[in-house]
Amino acid sequence: MKNELHADRILIVDFGSQVTQLIARRVRESGVYCEIHPFNAVTADMVRAFDPKGIILSGGPATVTEATTPRAPDELFEMNLPVFGICYGEQTMVSQLGGAVTLSDEREFGRAHVDITDDCVLFEGVWKSGENHQVWMSHGDRIDQLPNGFRAVATTESAPFAAIANDDKQFYAVQFHPEVVHTPDGAKLISNFTHKVCGCGGDWTMSAFKDEAIQKIRDQVGSGRVICGLSGGVDSSVVAVLLHEAIGDQLTCVFVDHGLMRMNEADEVVTLFKDHYKIPLVHKDVSEMFIGKLTGVSDPEKKRKIIGGLFIDVFEAEAKKIGGADFLAQGTLYPDVIESVSFTGGPSVTIKSHHNVGGLPERMNMQLVEPLRELFKDEVRDLGRELGLPDSFVGRHPFPGPGLAIRMPGAIQPEKLDVLRKADAIYLDEIRKAGLYDEIWQAFAVLLPVQTVGVMGDARTYDNVCALRAVTSTDGMTADVYPFTPEFLGRVSNRIINEVQGINRIVYDCTSKPPGTIEWE
């Protein structure tokens, strides 16, 4: 049954874009509930049962010029519902309604500028006819002919139908991606669709999500016992507090100290949860077991699988000690899921496995509870504040479950973990001293499997290279390098080389995401 808080809802049809969830994020920001469903699961009956106020067709990697690529159900365009097509969504809308789409010799990828050629409800209060605005393009197909009833409202040099409208049917579409931050006004365009076209209110909030998540946890868990895998990071901590509010003493948190934490982190986590939140916590130091299994392993996928499997071993053993547990709770987020597997069964591409997604063994004897699975990091922080967690805690930089294992490319060498730990601590200390911590999404050191010649005290050295990484982001799906000053980088480099034995060269990673990922492995 439809929750009253979700009476106004939007259906997002997923054609496999890596940024489909960003559409959902923009819709939520406008105060409207939405769900993503893969194109091959969307039928007329499903749409009627879901009862949306409008439908958004996502982008995707395919081309509508091929006969076997994804399509929206034809009935979708006959249900008297507003439809908004984005990139591939525009192309399939045009093709299915009788227009013409061809492969273009002039592809558009990255920043572009559209000329607004006519007024449109999507542009109300945002863009006016005759203006020129920045957008983000990523397409190779070209629309050559519009279906009956459509008009062009924006163009670029290589895309004469960069935005189109059929006001009678309330069908709208754009060739660019309004969901990404590189289209500065994109969120306003999406909000115009949800509110002005679809008539949605703005009643869905993080408070509403919290209430719904608590109820879902209670419905799923019943009277069962839950173990929460606590890493001390924001995600698992928010899950722990949310679960405790939902099911109280049915919850036991297990902090697995795998020996791959940052400096002093294990002590900080134990103190925080035992003394501040009064949540039952089992501290399990199994660092020797983890590091023993990882020593010499160089393949990043194997590292993640080993870590995932060992985590489950520990959780199952602790579950037996407390008389059995039916559920395992994890702080899995959507960026973890979309990089590991297709989020909804659709055609999106796997980037890498995450220890708490792709690394779970099939023989696991507990059911998963993952209440944050559809949220981005900034939404989790909002939820943490809603649960009463202090800003100083919810604003912490992300730290991956596999820890330092994926910040040491190549074979794991136990003796070098402390080298990496010390370098990372110095780097973060300097960032805090400079007052930059809250400006940065994530910052960390990486110990490279590369040695270089250096000179220290008139003597020759042959030691490791340490890479520093710092990025800005809003959701973890895309990221830009943080522009440190040369003076700051020189100061950090000097401290690390002087204070950490085993490192004689520092480099700064200036790769954005994409093409790189934030972590190195």
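Everything numeric in this text was worked out from a predicted model, so none of it was measured.

Caption draft 1: The arrangement of the overall build of the protein chain in detail. Counting its regular elements, the protein chain contains 14 helices and 18 strands. The globule rule puts the C-alpha radius of gyration for 521 residues at 24 Å, and the 25 Å found for the protein chain is close to it. Projected onto its principal axes, the C-alpha positions of the protein chain cover 75 × 60 × 40 Å. The proportion of buried residues among the 521 residues of the protein chain is 60%. In the protein chain, 50 side chains carry a positive charge and 73 a negative one; their mean positions are 5 Å apart.

Caption draft 2: Broad picture of the nonpolar core. Judged by nonpolar contacts, the single largest core of 92 residues is most densely connected at Leu243 and Ile431. When residues of this core are assigned to their parent elements, the largest contribution, nine residues, is made by helix H6 (residues 234–247). Among residues more than four places away in sequence, those in contact with leucine 243 are Ile217, Val226, Cys228, Gly248, Leu251, Ala329 and Val369. Grouped together as the second largest cluster of nonpolar side chains are 38 residues, Ile12, Phe84, Phe123 and Val197 included.

Caption draft 3: Quick look at the packing of helix H5 (residues 206–221) against helix H11 (residues 377–386). As a packed pair, H5 and H11 sit with axes 9 Å apart at the nearest point and diverge in direction by 80 degrees. Classified by the angle their axes make, H5 and H11 are roughly perpendicular. Side by side, H5 and H11 meet where Met206, Ser207, Phe209 and Lys210 of the first sit next to Glu379, Asp382, Leu383 and Glu386 of the second. Its residues assigned to classes, the contact of H5 with H11 comprises three nonpolar, one polar and four charged.

Caption draft 4: Looking closely at the packing of aromatic side chains. Taken as a whole, this structure holds 14 aromatic pairs when the rule is applied. Ring-pair connections join several aromatic residues into one group, and the members of that group are Tyr427, Tyr482, Phe484, Phe488 and Tyr508. Looking at arginine 407, its charged tip hangs above the ring of phenylalanine 444, at a distance of 4.0 Å from the centre.

Caption draft 5: The arrangement of unusual backbone geometry in detail. A cis amide bond links lysine 513 to the next residue, proline 514, at an omega of -15 degrees. By the secondary structure assignment, proline 514 is in the segment after strand E18 (503–509). Put simply, proline 514 and proline 515 share a cis peptide bond, and its omega is 15 degrees. Along the chain, the position of proline 515 falls in the segment after E18. Phi is positive for cysteine 87, which is not a glycine, with a value near 55 degrees. Summarising the element assignment, cysteine 87 is placed in the loop between strand E4 (83–86) and helix H3 (88–96). Given the relative accessible area of 3%, cysteine 87 is considered buried. The phi dihedral of asparagine 264 is positive, around 65 degrees, even though this residue is not glycine. Here asparagine 264 is to be found in the loop between strand E11 (251–257) and helix H7 (265–277). The class of asparagine 264 is partly exposed, set by a relative accessible area of 49%.

Caption draft 6: Layout of H3. Burial analysis of H3 places eight of its nine residues in the buried class, the great majority of the element. Within the span of H3, buried status applies to Tyr88, Gly89, Glu90, Gln91, Thr92, Met93, Val94 and Gln96. In the segment just after H3, glycine 98 is the residue with positive phi, at about 105 degrees.

Caption draft 7: Seen up close, helix H9 (residues 300–321). Relative to the 32 Å expected for 22 residues at 1.5 Å per residue, H9 spans 32 Å between its end C-alpha atoms, a close match to the ideal helical length. N-capping of H9 is provided by aspartate 299, with a side-chain oxygen placed 3.1 Å from the backbone N of glutamate 301. After H9 finishes, the residue glycine 323 shows a positive phi value of roughly 95 degrees.

Caption draft 8: Structural view of the pairing of strand E3 (residues 54–57). Burial along E3 is two-sided: Gly54 and Ile56 facing one way and Ile55 and Leu57 facing the other are all buried. Examined bridge by bridge, strand E1 (residues 9–14) and E3 share four bridges and lie parallel to one another. Bridging from a neighbouring strand, isoleucine 10 pairs with glycine 54 of E3. Both E3 and E4 contribute to a ladder of three bridges, which runs parallel. Residue pairing across strands places isoleucine 56 opposite phenylalanine 84, the latter belonging to E4.

Caption draft 9: Seen up close, the confidence of the model for the protein chain. Averaged over every residue, the pLDDT of the protein chain is 87; residues scoring 70 or more account for 91%. Element-level mean pLDDT values for the protein chain span from 61 in helix H10 (residues 334–340) up to 98 in E3. The low-confidence segment residues 341–361, where pLDDT is below 50, has 75 contacts with residues more than four positions distant or belonging to other chains.

Each value, and the rule that gives it
- Residues numbered from 1 in each chain as written.
- Predicted model: local features only at pLDDT ≥ 70, side-chain atom pairs only at ≥ 80, totals over all residues.
- Heavy atoms only, no water.
- Helix = DSSP H or I, 4+ residues; strand = E, 2+ residues; numbered from the N terminus.
- Rg over C-alpha atoms; globule rule 2.2 N^0.38 Å.
- Buried < 20%, exposed > 50% of the residue type's maximum accessible area, 1.4 Å probe, protein only.
- Lys, Arg positive; Asp, Glu negative; His and termini not counted.
- Charge placed at Lys NZ, Arg CZ, Asp CG, Glu CD.
- Core = buried A, V, L, I, M, F, W, Y, C linked by side-chain atoms within 4.5 Å.
- Contact = heavy atoms within 4.5 Å.
- Axes fitted to C-alpha atoms, helices over the stretch in contact; angles between N-to-C directions.
- Parallel < 35°, antiparallel > 145°, perpendicular 65-115°, else oblique.
- Nonpolar A, V, L, I, M, F, W, Y, C, P; charged D, E, K, R; others polar.
- Phe/Tyr/Trp six-rings, centres within 6.5 Å; stacked < 30°, edge-to-face > 60°.
- Lys NZ or Arg CZ within 6 Å of the ring centre and 35° of its normal.
- Expected span 1.5 Å × (residues − 1).
- Polar contact = N/O pair within 3.5 Å; in protein donor to acceptor, adjacent residues only side chain to side chain.
- Pairing = 2+ DSSP bridges.
- pLDDT = per-residue confidence, 0-100.

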